[in-house]
Structures are given as C-alpha cells and as structure tokens.
Amino acid sequence: MVAPSNPDRSEPLLSIVAAVLNEVENIRPVCVELAEAARALPPCEIIFVDDGSTDGTVEALVAARAEGVLPELRILSHDRRLGKSAALRTGVEAARGQWVATLDGDGQDDPMEIVRMLDLALKAPGPAPLVVGVRLRRQDRLSRRLATRFANGLRRRLLRDGCPDTGAPLKLFRRADFLRLPQFEGVHRFLPALFGHYGTPLLCQPVRHRNRLHGSSKYTNLNRAVVGIRDLLGVIWLINRTRLPRQLTER
C-alpha cells in the first residue's frame, strides 16, 4: 500500500485517479484538461498511476508537473505491468479524498464530466452512490462497439446490476466504499454489481465520449471476451458466496 503523501495538509474532498500504460503522447493534453476541470471542482488532488509503461509515460508526467501544467500532480509507478484494476487500487489506496473519480489517460474521457458527476453524488438522498458516466455515443471502431455491447448485455442479464455501461472509465464513488470490495484483475468492469451487493446505490450519468488522442487500445476484442467471461463467472460466484447483514445494530 502507498501511504498518502503530505499528511499534514488539509484533506481534499475529491481525488481523481487515472491509470495509464504507454500513453506518452496523451499525457500532456490530458493533464491540461485535468487542470481546467480542477478549477471548477472543490479542493481536489490528481493522481496518475503508471502500470509499468516502457515508452516514457512517467517522464511525460514528471515534465507536466515540473512545467506547472499540474504542479501538485502525484505520480505513482508500478515496477511491472499488473493490470488496470491493480493500478486503480493503488491510486485509491493512496488517495486522500473522501470521494474518488476515475478516468482513462487516453483522452477519450472529458474531465469536465467529473464536475457534474460529483454534483450529482453530493445532492443524492440516502447512502452515498456510485456514479457511472455512461458513454451514449461510443467513439470506437465498430468491432469494439459490438463486442462491448455484447459484453454489457451479458453482464446485465446475469448480474442484474442495472448499468448499461459497466466498463465505463468515468466513475465516482466514496473511497471507503471501494476499499471494502475484493481485489482482482478485472474488478473495474464489475463495480456496479459489486457496489450494489454492498448496498451502494447506482446513478448513471450520460457523458460525452471522444476519439482517442493518440495510440491504440491495449486490449483486443478476443482478449476482452475471453477474460470477461471468465471474470463474469468469478463475480457471480463471489456475490453468491458473500453474506452481508441487511441491517447492523449496536447495543
């Protein structure tokens, strides 16, 4: 576990966590947009977790911080590639904010959407929700859109999680709620079902999706399908084996 830095500083309300792998060309423009979004948000911190990049991604992050694009940027690095879920877990564990927002580092997500998502979460009655930014118009190749549509449909039918886009990168949740969940690679694709099993309500917010700025996805459609079905079966088993009280009282 990575300890939160600067513990004597006042804690931010929100931590924005981006997991990246070989995104050197996208780092600076994404950081510029994050800096703009941060000005419209309550006190927040921004954390990038590099998952073993080999193309200069870390150096680009250090440069963005040194040049004042994101002077308070926190950069965490895995010594080897562990997967997106592990990178997100690293970032959430290190976060100091009560709330955490996640996004990808390829430029397809608009950080300004986090402003609306946080406002929605803070105004929601009842328990703190999980807010998922649902991509209504995917800017991906047709083959990827079809593969994602099939995967989302299968998950909805089997898990009944009520979310049309479970793999959406833009998510917002309470840090403490996330840290209650089991950790495994692929968990980021099943957060609505797992959060819901632990009693966290779901809110879906339509968001804008854009073309990737540079580079290509790190996953093929075949990889997503094979790994996704395996993980889906594992999540079904996990939910069925997790027993939680409906109500807890102390006397």
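Conventions and cut-offs
Going along each chain's sequence as written, the residues are numbered from 1 onward. Note on the predicted model: pLDDT of at least 70 is required for a residue's local features to be given, and 80 or more for side-chain atom pairs to be given and counted; whole-chain, interface and lining totals, by contrast, use all residues. For the side-chain quantities, the full set of heavy atoms in the structure was used; hydrogens and water were omitted. Numbering of helices and strands runs from the N terminus; a helix is a DSSP stretch of H or I covering at least four residues, while a strand is a stretch of E covering at least two. Relative accessibility thresholds used throughout: buried, under 20% of the residue-type maximum; exposed, over 50%; partly exposed, between the two (1.4 Å probe, protein chains only). Note on contacts: a residue pair qualifies if any of its non-hydrogen atoms lie within 4.5 Å across the two residues. In these tables, accessible area is a Shrake-Rupley quantity obtained with a 1.4 Å probe, and a residue counts as shielded only by the protein chains included in the view. Here a salt bridge means any side-chain nitrogen of Lys or Arg lying within 4 Å of a carboxyl oxygen belonging to Asp or Glu. It is the directions from the helix axis to the C-beta atoms that the arc portrays.

You'll find the chain entered in an unreviewed UniProt entry as Glycosyltransferase family 2 protein, with Gluconacetobacter tumulicola given as the organism.

A separate point is the overall build of the chain. Regarding its fold elements, the chain presents eight helices and seven strands. Counting over 251 residues, the chain shows a buried share of 48%. Considering only intrachain contacts with a sequence separation of at least 6, the fraction spanning at least 24 residues in the chain is 83%. Carbon and sulfur atoms make up 53% of the accessible area of the chain, which amounts to about 12900 Å² in all.

With that settled, consider the pattern of salt bridges. Close approach of charged atoms allows side chains of opposite charge to pair. This structure, assessed with the given rule, holds 10 salt bridges. Here Arg96 and Glu45 are joined by a salt bridge, their closest N and O atoms 3.2 Å apart. One end of the pair, Arg96, is in the loop between α3 (84-94) and β4 (99-104); the other, Glu45, is in strand β2 (residues 44-50), and 51 residues separate them in sequence. Glu45 carries the same exposure label as Arg96, and that label is buried. Close ionic contact of Asp177 with Arg174 constitutes a salt bridge, the shortest N to O distance being 3.0 Å. The exposure class of Arg174 is partly exposed, given its relative accessible area of 29%. Taken together, the salt bridges that share partners define one network made up of Glu45, Arg74 and Arg96.

With that out of the way, let us pick up helix α2 (residues 57-66). Turning to α2, its buried residues are Thr57, Ala60, Leu61 and Ala64. Summarising the axial view, the buried residues of α2 lie within an arc of 100°, below the 170-degree limit, and thus occupy one face. Facing away from the buried side of α2, by more than 90 degrees, are the exposed residues Glu59 and Ala66. Among the structural elements, β1 (14-20), α1 (27-39), β2 and β3 (74-77) are those in contact with the buried residues of α2. One or two steps after α2, the chain reaches Gly68, where phi turns positive at roughly 85°.

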